[in-house]
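Notes for the structure review
Residues per chain, in single letters:
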Amino acid sequence: MPTESYPPALNHPGATDHPGTTYHPGATDRPGTANRPRRRPARAAALAAAATALALTLGACGSPAGKSGAGDGHGGHSHAGTGPTGSAGHSDHAMPGHDMPGHDMPGMTPGAAAGGPGAAAGLAAERNGYRFTAAADSLPAGAPAEYRFTITGPDGGPVTAFAVEQTRRLHFYAIRTDLTGFQHLHPEMAADGTWTAPLAALAPGDWRLYASFTPDSGAGRGTALVLSRPATVTGAAAPAPTATGTEAGGTATGSGSATGSVDGYTVTVEGAPTAGVAAELRATVSRDGKPVTDLQPYLESYAHLTAFHAGDQAFAHLHPEAGVSGAAGGPTLPFHAELPAPGAWRLFVQFQTAGTLHTATVDLRVAG
């Protein structure tokens, strides 16, 4: 089992993955009117042009084969969670400004402007009738803890059928409000639908816990969701610097490049993302100034990248644009990014070498 190593900025000795887990390498006209010429009013023509532009945009972004709305675990899509104002009837993939169910941009409610009330991603405990419930909202400090929770469906019963995304049925994340203490876990589910996440020791303070999953049955089958709940860790919280794009675990040069380091490795993230706009980020791993080319497969990729927005802890999961092609990879890995809000984001880049999982922290600023 790989051991995990975290950067010095984190407030715990290191979160371990679940014991025993392994990693393996357009539109038709109205019926009956096809042969009857008619004039289109200006509004209809404008709507038709907008629909064509939308179709071209979606075609450029791509859609995973065999998936229906599932943006997790497949190259070409980032997976941001749902906004707190999200309601049933809209998927998690709508283009901002277009009230068109089935095409919501991840993390944004239809019509939400970047940075507006719909831009917060993954901050709701319920979405489309699916709810993240937990037995307790407080956890002990300074010692490992088991966090038990359930995902319930629109019928009120526990969900037990989940699609496998990046080798796991559910991805679980924990982070403190100052964006420290990051943990990425893969809990086990009991037959009754209860999940148990084995959290490493937590520092006192306010935390948020996220569940990322795709139901494999029922009305929400194939729709990727991110739900979260707050939790309090007892004790006096020691302050830590939050992400600004230039502090706490990484540096941003202002030229579309940010860096972080862990265990002697340097991770450089290049790109100039704009909120709500699909863009490519490129993560490069080096050591002592030399490119690292012995990255081992981890969750169907050579690196796993998770992002959190400073201030509100909005969530985004950035997906690799290329899968695993051999036993070793690197040094440069392209990621598809759609970060829903402008400002400072903290990126956690996880990669594995020689059986050890490393987590580098990189702070990045996103334009409005």
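Check the entry above for the structure.
In this report, the structure presented in the accompanying data block is examined.

About the cut-offs
Residues numbered from 1 in each chain as written. Predicted model: local features only at pLDDT ≥ 70, side-chain atom pairs only at ≥ 80, totals over all residues. Heavy atoms only, no water. Helix = DSSP H or I, 4+ residues; strand = E, 2+ residues; numbered from the N terminus. Buried < 20%, exposed > 50% of the residue type's maximum accessible area, 1.4 Å probe, protein only. Areas by Shrake-Rupley, 256 points an atom, 1.4 Å probe, with all protein chains shown as cover. Pairing = 2+ DSSP bridges.

**What to know about the overall build of the protein**
Across its full length, the protein holds one helix and 22 strands. Out of the 368 residues in the protein, the part that is buried amounts to 51%. As presented, the protein carries roughly 15,200 Å² of accessible surface, and 54% of it is formed by carbon and sulfur atoms.

**A few points about the environment of Gln 352**
Looking at where Gln 352 falls in the secondary structure, it is placed in strand 21 (residues 343–353). For Gln 352, a relative accessible area of 7% translates into the label buried. Along the backbone, Gln 352 and Tyr 298 are 54 residues apart, and their C-alpha atoms lie at a distance of 6.6 Å.

**Thoughts on the sheet that holds strand 7 (residues 170–176)**
In space, the five strands of this open sheet follow the order 5-12-11-7-8, with mixed pairing throughout. A single partner strand is all that each edge strand has here, and the edge strands are strand 5 (138–139) and strand 8 (183–185).

**What about the sheet that holds strand 3 (residues 126–127)?**
Taken in spatial order, the five strands of this open sheet run 3-4-6-10-9, and their pairing is antiparallel. In the strand order of this sheet, the two ends are held by strand 3 and strand 9 (188–189), each with one partner. When strand 3 meets strand 4 (residues 130–134), the two strands line up antiparallel, connected through two bridges. Residue pairing in the sheet places Arg 127 in a bridge with Tyr 130 of strand 4.

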